[in-house]
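Single-letter residue listing:
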Amino acid sequence: MKKILITGGAGFIGSHVVRHFVNKYPGYQIYNLDKLTYAGNLENLTDVDQKPNYHFIKADIEDAELIMDLFQREQFDGVIHLAAESHVDRSITNPLQFIHTNVLGTVHLLHAAKTIWHGHYEGKKFYQISTDEVYGALGDTGLFSETTPYNPHSPYSAAKASADHFVRAYHDTYGMPTVISNCSNNYGPNQFPEKLIPLFINNIKHNKPLPVYGQGLNVRDWLYVEDHVEAIDLIFHQAQPGSTYNIGGNNEWRNIDLIKKLIEIMDRKLGRPAGTSLSLITYVTDRAGHDLRYAIDASKIREELGWEPKVRFDEGFEKTVDWYLHNEEWFNHVTSGEYEEYYQKMYGNR
Ligand code: NAD
Ligand code: TYD
């Protein structure tokens, strides 16, 4: 019997991780700890929240005392840490919140795990979910590998990089069995509509302008969220303590090309003549410090753990668009704050 703490399980990637672990490992007890910020939504988990091996804890990873008490009480075997402030644009306007959540929150979790595990590390693991953005920006060529030096540019990536350094420090200093993975941009259902793909789906649907930063020439490497989850499962169970893995889709797109592809799919699905929504493209002032290109060399995880993305981009992108078009209620709730009412209904003031 394993007890696993998953932080940030009500968010985009976290909800897919929770669903996967609850369904695939009925013998594990899964504890989803989430503060339910604007990005956390329990409606992402309605299909698993009644399962006997699922438990929800509304809590803030910044609350060191609560975190320590929880580790003491539950004696977790493993931690998969996803809770974070995750949006670059928000980090530019409010960097301090990113230091609080992403750096201090991570250190509180590390400290509680170290204190409660107390050197008895057999069968234990602390897994930090990180991002390729810690490596900084690439030019037109080259790929990020696990040995690329950290060179973050945004307050978001600087905070994630700092947290990763603390995770490594807990391994190197205290022998804690930590692992880190750095993944490229995820896409799929349940992503909060401030990120490029769900935001633009919503805007195309409602004939609203599509704010393309700069000239739309920045490049991202897109991975379907469930492929990320498969990688997380493998790394959690098989990675050696102290190791790092890069995860990527081998699927680079210039923003403007991705947006045109999205428009093509949306116009078809909405029954609009091809190209109608191209007129919504609006070039706006570039994001400050906007990284030109991210691209991942995922050969280590392929060679050591046998992982490869399974979902072809054409298929995953179409499936993603369908999901948002068929889940209008979800969209309306996350943009209107109605999911807070859902929380009250489900969990009262807990
Ligand atoms: P998200 O913003 O959708 O979800 C974050 C979750 O963390 C939310 O449920 C939120 O309520 C919770 N949270 C925030 N602050 C908290 C706090 N103080 N205490 C407890 N819970 C808190 O983010 P996401 O896109 O799902 O990303 C999850 C993780 O994966 C992050 O660590 C992010 O850095 C990393 N990551 C994301 C991507 C991506 O493309 N989205 C790519 C690589 C890595
Ligand atoms: P985003 O989804 O915010 O992910 P990240 O910045 O973590 O890669 O943005 C993806 C790309 O799309 C990035 O290059 C910024 C760009 N972008 C826009 O051009 N307009 C927008 O409104 C948003 C949200 C992003």
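Residues numbered from 1 in each chain as written. Chains lettered and ligands numbered in written order. Predicted model: local features only at pLDDT ≥ 70, side-chain atom pairs only at ≥ 80, totals over all residues. Heavy atoms only, no water.

1. A closer look at the packing of aromatic side chains
We apply this condition: Any two rings among Phe, Tyr and Trp, with Trp reduced to its six-membered ring, count as a pair given centres within 6.5 Å; such a pair is stacked if its planes are under 30 degrees apart, edge-to-face if over 60, and tilted if neither. Going along the chain from the N terminus, every DSSP run of H or I of four or more residues is numbered as a helix, and every run of E of two or more is numbered as a strand. Only protein chains enter the accessibility calculation, which uses a 1.4 Å probe. A residue is then buried if its area is under 20% of the maximum for its type, exposed if over 50%, and partly exposed in between.
On inspection of all chains with the given rule, the structure shows 22 aromatic pairs. Ring centres of Tyr 31 and Phe 76 lie 5.5 Å apart, and the angle between their planes is 70 degrees; this geometry places the pair in the edge-to-face category. Here Tyr 31, found in strand β2 (residues 28-34), pairs with Phe 76, found in the loop between α2 (64-74) and β4 (78-81); they are 45 residues apart in sequence, far enough to count as distant. Here Tyr 31 matches Phe 76 in class, with each residue buried.

2. Some thoughts on a negative patch on the surface
Applied cut-off: To count toward a patch, a residue needs a relative accessible area over 30% and no salt bridge; like charges are then connected within 9 Å, while nonpolar side chains (Val, Leu, Ile, Met, Phe, Trp, Tyr) are connected within 5 Å. Here, Shrake-Rupley sampling with a 1.4 Å probe gives the accessible areas, and only protein chains in the shown set may cover a residue. In the sections that follow, a salt bridge refers to a side-chain nitrogen of Lys or Arg positioned within 4 Å of a carboxyl oxygen of Asp or Glu. Charged residues are defined here as Lys and Arg on the positive side and Asp and Glu on the negative side; His and the ends of the chain fall outside this count. Lysine's charge is taken at NZ, arginine's at CZ, aspartate's at CG and glutamate's at CD.
A cluster of like negative charges, contributed by Glu 329, Glu 338, Glu 340 and Glu 341, occupies part of the molecular surface. If you tally residues by element for the negative patch, the top one is helix α12 (residues 338-347), at 3 residues. Relative to the helices and strands, Glu 338 is located in helix α12. Residue classification places Glu 338 among the partly exposed positions, given a relative accessible area of 36%.

3. A few points about the pattern of salt bridges
Per the counting criterion, the structure on display carries 16 salt bridges. A salt bridge links Asp 257 to Arg 254; its shortest N-O distance comes to 3.0 Å. Given a relative accessible area of 36%, Arg 254 falls into the partly exposed group. Among the ionic pairs, Asp 322 bridges to Lys 269, the shortest N-O distance being 3.0 Å. Taken together, the residues Asp 322 in helix α10 (residues 313-326) and Lys 269 in helix α8 (residues 255-269) connect sequence positions 53 residues apart. Here the salt bridges share partners, and the residues they tie into one network are Arg 268, Lys 269, Glu 318 and Asp 322.

4. As for unusual backbone geometry
Excluding glycine, residues mostly have negative phi values, and the peptide bonds linking residues are mostly trans. Backbone geometry places Gln 75, a non-glycine residue, at a positive phi of 50 degrees. Tracing the sequence through the fold places Gln 75 in the loop between α2 and β4. Note on Gln 75: relative accessible area 43%, which makes it partly exposed. In the Ramachandran plot, Asn 250 falls in the positive-phi region, its phi being about 50 degrees despite a non-glycine side chain. Positionally, Asn 250 belongs in the loop between β11 (244-247) and β12 (252-254).

5. So, the packing of helix α4 (residues 95-117) against helix α5 (residues 155-174)
To keep it simple, the criterion reads: Fitting a line to C-alpha atoms yields each axis, with helices limited to the stretch in contact; the angle taken between N-to-C directions then spans 0 to 180 degrees. If an angle is under 35 degrees, it is roughly parallel; if it is over 145, roughly antiparallel; if it lies from 65 to 115, roughly perpendicular; otherwise it is oblique. For any helix crossing, the convention is left-handed if the near helix is rotated counterclockwise from the far helix by under a right angle, and right-handed if that rotation is clockwise. Any two residues whose heavy atoms approach within 4.5 Å are treated as being in contact. Any residue outside Ala, Val, Leu, Ile, Met, Phe, Trp, Tyr, Cys, Pro, Asp, Glu, Lys and Arg is labelled polar, Gly included; the first ten of those are nonpolar and the last four are charged.
Contact geometry for α4 and α5: axes closest at 8 Å, N-to-C directions at 15 degrees. On the basis of their axis angle, the class for α4 and α5 is roughly parallel. Considering how the two elements wind past one another, α4 and α5 form a crossing that is right-handed. Contacts between α4 and α5 involve Pro 95, Phe 98, Asn 102, Val 103, Thr 106, Val 107, Leu 110, His 111 and Lys 114 from the first element and Pro 155, Tyr 156, Ala 159, Lys 160, Ser 162, Ala 163, Phe 166, Val 167, Tyr 170 and Tyr 174 from the second. By residue class, the composition of the contact of α4 with α5 is 13 nonpolar, 4 polar and 2 charged.

6. Things to note about the site of ligand 1
Which entries qualify depends on this criterion: Here a residue counts as near a molecule or strand whenever at least one of its heavy atoms sits within 4 Å of it. Pairs of N or O atoms within 3.5 Å make up the polar contacts considered here, provided that, within protein, one atom can donate a hydrogen while the other can accept it, and that residues adjacent in sequence are counted only when both atoms are side-chain atoms.
Not every one of the 29 residues close to ligand 1 is listed here, only the nearest: Ile 13, Asp 34, Ser 86, Tyr 156 and Lys 160. Contact distances for ligand 1 include 2.5 Å between an oxygen atom and a side-chain N or O atom of Asp 34. Between ligand 1 and Leu 82 there is a distance of 2.9 Å, counted from an oxygen atom to a backbone nitrogen or oxygen. Across the complex, the protein chains shield 97% of the 840 Å² of accessible surface that ligand 1 would expose by itself. A total of 3 residues in the shell around ligand 1 trace back to one element, the largest contributor, which is strand β5 (residues 125-131). When its residues are assigned to classes, the shell around ligand 1 shows 13 nonpolar, 11 polar and 5 charged.

7. Comments concerning α2
In plain terms, the rule: Within this analysis, the arc is defined by the directions that extend from the helix axis to the C-beta atoms.
Three or more residues of α2 are buried, namely Ile 67, Leu 70, Phe 71 and Glu 74. The arc that holds the buried residues of α2, viewed along the axis, is 95 degrees, so those residues lie on one side. In α2, the exposed positions that point more than 90 degrees away from the buried face belong to Glu 65 and Arg 73. Summarising the contacts, the buried residues of α2 are in contact with β1 (2-7), β2, β3 (54-58), β4 and α4. Gln 75 sits one or two residues past α2 and shows a positive phi near 50 degrees.

8. What to know about the side chain of Glu 74
Residue position: Glu 74 is located in helix α2. Glu 74 sits in the buried class, given a relative accessible area of 14%. For Glu 74, the side chain forms a polar contact with the side chain of Tyr 31, separated by 3.4 Å. Among all residues touching Glu 74, those that are not within four sequence positions of it are Lys 3 and Tyr 31.

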